[in-house]
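Report on the structure
So the chains spell out like this:
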2 protein chains.
Amino acid sequence: MTDITRPVLPPLPVPAPQDDALFVDSIARGFRVLSAFHGAAGPLSLGEIAARSGLGKSAVQRIVHTLRQQGYLRRDPGDRGYLPGLRLLDHALDYQRLNPEIARVLPVLMELRAATGERVDFSLRDDLRLVYALRFQSKRGFYAASLIGTSVPLYCTAGGRAVLGRLPEDEAAAIIARSTLIPYSGRTLTDPDAIMARVAEAREAGFAIAEEQIVAGEIALGVPVLDETGHPIGAIHVAGSLAEWDADSFARNFAPLAMTAAGALNRR
Amino acid sequence: MTDITRPVLPPLPVPAPQDDALFVDSIARGFRVLSAFHGAAGPLSLGEIAARSGLGKSAVQRIVHTLRQQGYLRRDPGDRGYLPGLRLLDHALDYQRLNPEIARVLPVLMELRAATGERVDFSLRDDLRLVYALRFQSKRGFYAASLIGTSVPLYCTAGGRAVLGRLPEDEAAAIIARSTLIPYSGRTLTDPDAIMARVAEAREAGFAIAEEQIVAGEIALGVPVLDETGHPIGAIHVAGSLAEWDADSFARNFAPLAMTAAGALNRR
DNA sequence: GCAAAAGGTATCGCAAAGCGATACGGTCGT
DNA sequence: ACGACCGTATCGCTTTGCGATACCTTTTGC
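Values in this document were obtained by computation on a predicted structure and should not be read as measured data.

Regarding the sheet that holds strand E4 (residues 129-136) of chain B
Residues and elements named next belong to chain B.
- In space, the six strands of this open sheet follow the order E5-E4-E3-E8-E7-E6, with antiparallel pairing throughout. Among the strands making up the open sheet, the edge pair consists of strand E5 (151-153) and strand E6 (208-211). Between one strand axis and the next, the sheet turns by 30° as a mean value, whatever way the strands run.
- As paired strands, strand E3 (residues 119-126) and strand E8 (residues 232-241) are joined by six bridges and run antiparallel to one another. Pairing of serine 123 across the sheet is with alanine 235, part of E8.
- Seen against the sheet, helix H5 (residues 100-116) touches E3, E4, strand E7 (218-226) and E8 and runs at an angle of roughly 150° to E3.
- Of the strands in this sheet, E3, E4, E6, E7 and E8 touch helix H6 (residues 158-165), which is tilted by about 35° from E7.

As structure tokens, this is what we get:
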């Protein structure tokens, strides 16, 4: 049995909120400190935070002090270093509550969950990646992968390819070119042309299928979600297990449902 | 049908991350701006943010600028004011990933979910409130109330009373005294003595039951989760509908399961 | 349709706020 | 027992970010 307490995802090199170090607001520094935890595997000490954030030790010291007394950072119970604090969840909640896209998608996604019986989720595009904003587990949701905020690259996910398919071809190619193409699983496509071929398929079909592009044994179907102007803002996923489905039957069963769901969102 | 896109919870006056305005770090100011959204019902303009955060317009202007280019804030698509940004989810994920308590509770909670078939969740204590850190919907999870980061008061929730029961009596009384006792539903207890009586019951039984203390039609069972020293750090909830259960049968069915689950966590 | 109000953006100089450097005590690991 | 590292504290210098102010655009009210 695998350790479900740790994210099942491979060591996704978290697409770091890179700051164009141009603007050196002190507020940005605060978030630099918090962002130091993005790649982290455990608690970080002051020194580690300083190293990861590129800030001086004194600066980190003061910033950590503030963040701690505000509840955005806390000491590890075992007294080894620091950890992100509970208050961060308050802001995540505000994001979900107030986001109009999420409000629009939520009911549709719940219906889709009921209709498919599989795991469904909604993710929003952020440059080269998709960030999961809403997730509904299936009954047999083994995964700790129901965590909000997880992000995956556009180039090797069903939703990502669905999104790319709704962008001008040169733009899609540019995105793939800017992405670091990592073979997460043995079957991950890393050849730009091969990826673009899949994107083209997705554009025509209106949905994309990805088989174990990131996690072994997983199959996912993605459809794009558009804004009023027709630009893709994110994607809806239906995810299942290859132990139960093959690509054809998965698509036959769920593509119509998923596309109907997305369609309800996209017109208007 | 109710509008499930809006939180089903009553207008919970969000226990605001109050800052003792002593430390006036500029980093704290950044979070003051983000915290302005806690009570908000929609997008906020610069002026509104300034008013809610108690900062000057110029300060807000600059801070918003920074937050926006970092992705922690964005403009409303309809071009009305500002909204929390996607990057906030990255930090929420770090919190969940790295938190040792959550890692400890997760597998147990998933088992409990399977065993009960009802909605289960784990919440952590933050002063006067419990913040939901993990949630697993039931099949008939109508609610958008599966959102992480939602918080509820200690005094009127099953988990809260379970937590209070593991604190010294004077401490529990002090917490209730400091809480603003609001009758969210018609049946919410607001008399301190009555609440303390429930807390005492919870202490003896090892679990607490709360019937529609916040949301009408909901019944919840809470058991405390302790750290190594025996102090309560949070609670596990099992939540169901009064349409299907009465308090007695709910307790008979789920108290043993929930207490076993918590027990597995609490020893050691 | 016009006046008034509010929203967003920009500039600029002064004061305060935060960083760098440095030093100290405690704890871990070898 | 020693050295490395971690967290804490102090203290000037300088940088940074705030307040005041002004301008333009959009919305509100009549």
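From this point, the discussion proceeds with the structure in view.
Side note on the pattern of salt bridges
- Within this structure, the stated rule accounts for 28 salt bridges over all chains.
- When the shortest N-O distance is used, the salt bridge between arginine 129 of chain A and aspartate 90 of chain B registers 2.8 Å. Remark: aspartate 90 of chain B occurs in helix H4 (residues 87-98) and arginine 129 of chain A occurs in strand E4 (residues 129-136); the pair is interchain, linking two chains. Comparing arginine 129 of chain A with aspartate 90 of chain B, the two get one shared label, buried.

Some points on the interface of chain B and chain A
- Facing the 76 residues of chain B at the interface are 76 residues of chain A.
- For chain B, the biggest contributors to the area lost against chain A are Phe31, Leu89 and Leu98 of chain B; these three give 10% of the whole.
- Across the chain B-chain A interface, the total number found is eight salt bridges.
- Counting only elements with at least two residues in the side of chain B that touches chain A, the list comes to helix H1 (26-35), helix H3 (57-70), strand E2 (82-84), H4, H5, E3 and E4 of chain B.
- With 12 residues, the single largest contributor to the side of chain B that touches chain A is H4 of chain B.

Overview of the protein's contact with DNA strand C
- In the vicinity of DNA strand C, 17 residues are found, and the nearest of them are Ser58 of chain A together with Asp25, Ser26, Leu46 and Gln61 of chain B.
- Arginine 29 of chain A places a side-chain nitrogen or oxygen 3.2 Å from a phosphate oxygen of DNA strand C.
- The set of elements that each furnish at least two residues to the surface near DNA strand C consists of helix H3 (57-70) of chain A together with H3 of chain B.
- Broken down by class, the residue content of the surface near DNA strand C amounts to four nonpolar, six polar and seven charged.

Topic: the sheet that holds strand E6 (residues 208-211) of chain A
Residue and element names in this part refer to chain A.
- Pairing in this open sheet of six strands is antiparallel, and the strands run E5-E4-E3-E8-E7-E6 from one edge to the other. Each edge of the sheet is formed by a strand with only one pairing partner; in this case those strands are strand E5 (151-153) and E6. When the angles between neighbouring strand axes are averaged without regard to direction, this sheet yields 30°.
- Relative to E5, E4 runs antiparallel, the two sharing three bridges. Paired with valine 131 across the strands is serine 151, a residue of E5.

Here we look at the relation of the copies chain B and chain A
- The two copies are related by a screw motion: chain B maps onto chain A through a turn of 180° and a shift of 0.0 Å along the axis, at an RMSD of 0.0 Å. Seen this way, the second copy is the image of the first under a two-fold rotation axis. Closest approach to the rotation axis among the C-alpha atoms of chain B is made by isoleucine 27 of chain B, whose C-alpha sits 2.5 Å away.

Considerations on the protein's contact with DNA strand D
- Lining the immediate environment of DNA strand D, one finds 17 residues, of which Asp25, Ser26, Leu46 and Gln61 of chain A together with Ser58 of chain B sit closest.
- Counting only atoms of DNA strand D within 4 Å of the protein, the fraction found in sugar and phosphate groups is 54%.
- In this structure, a phosphate oxygen belonging to DNA strand D sits 2.7 Å away from a main-chain N or O atom of leucine 46 of chain A.
- Here arginine 29 of chain B contributes a side-chain N or O atom positioned 3.4 Å from a phosphate oxygen of DNA strand D.
- Within the residue set of the surface near DNA strand D, elements represented by two or more residues are H3 of chain A together with H3 of chain B.

Quick word on the environment of isoleucine 233 of chain B
- Relative to the helices and strands, isoleucine 233 of chain B is located in strand E8.
- Isoleucine 233 of chain B sits 109 residues away from leucine 124 of chain B along the chain, and the two C-alpha atoms are 6.0 Å apart.

Some points on the packing of aromatic side chains
- Inspection of the entire model under this criterion finds nine aromatic pairs over all chains.
- An angle of 75° between the planes, with centres 5.7 Å apart, marks the rings of tryptophan 245 of chain A and phenylalanine 250 of chain A as edge-to-face.
- Measuring from ring centre to ring centre gives 5.0 Å for tryptophan 245 of chain A and phenylalanine 254 of chain A, while their planes differ by 65°; the resulting arrangement is edge-to-face.
- Site record: aromatic cluster; members linked through ring pairs are Phe31 and Tyr72 of chain A together with Phe31 and Tyr72 of chain B.

Conventions we followed
- Residues numbered from 1 in each chain as written.
- Chains lettered and ligands numbered in written order.
- Predicted model: local features only at pLDDT ≥ 70, side-chain atom pairs only at ≥ 80, totals over all residues.
- Heavy atoms only, no water.
- Pairing = 2+ DSSP bridges.
- Helix = DSSP H or I, 4+ residues; strand = E, 2+ residues; numbered from the N terminus.
- Axes fitted to C-alpha atoms, helices over the stretch in contact; angles between N-to-C directions.
- Contact = heavy atoms within 4.5 Å.
- Salt bridge = Lys/Arg side-chain N within 4 Å of Asp/Glu carboxyl O.
- Buried < 20%, exposed > 50% of the residue type's maximum accessible area, 1.4 Å probe, protein only.
- Buried area = accessible area lost by both parts, 1.4 Å probe.
- Near = heavy atom within 4 Å.
- Polar contact = N/O pair within 3.5 Å; in protein donor to acceptor, adjacent residues only side chain to side chain.
- Nonpolar A, V, L, I, M, F, W, Y, C, P; charged D, E, K, R; others polar.
- Least-squares fit on C-alpha atoms with pLDDT ≥ 70 in both.
- Phe/Tyr/Trp six-rings, centres within 6.5 Å; stacked < 30°, edge-to-face > 60°.

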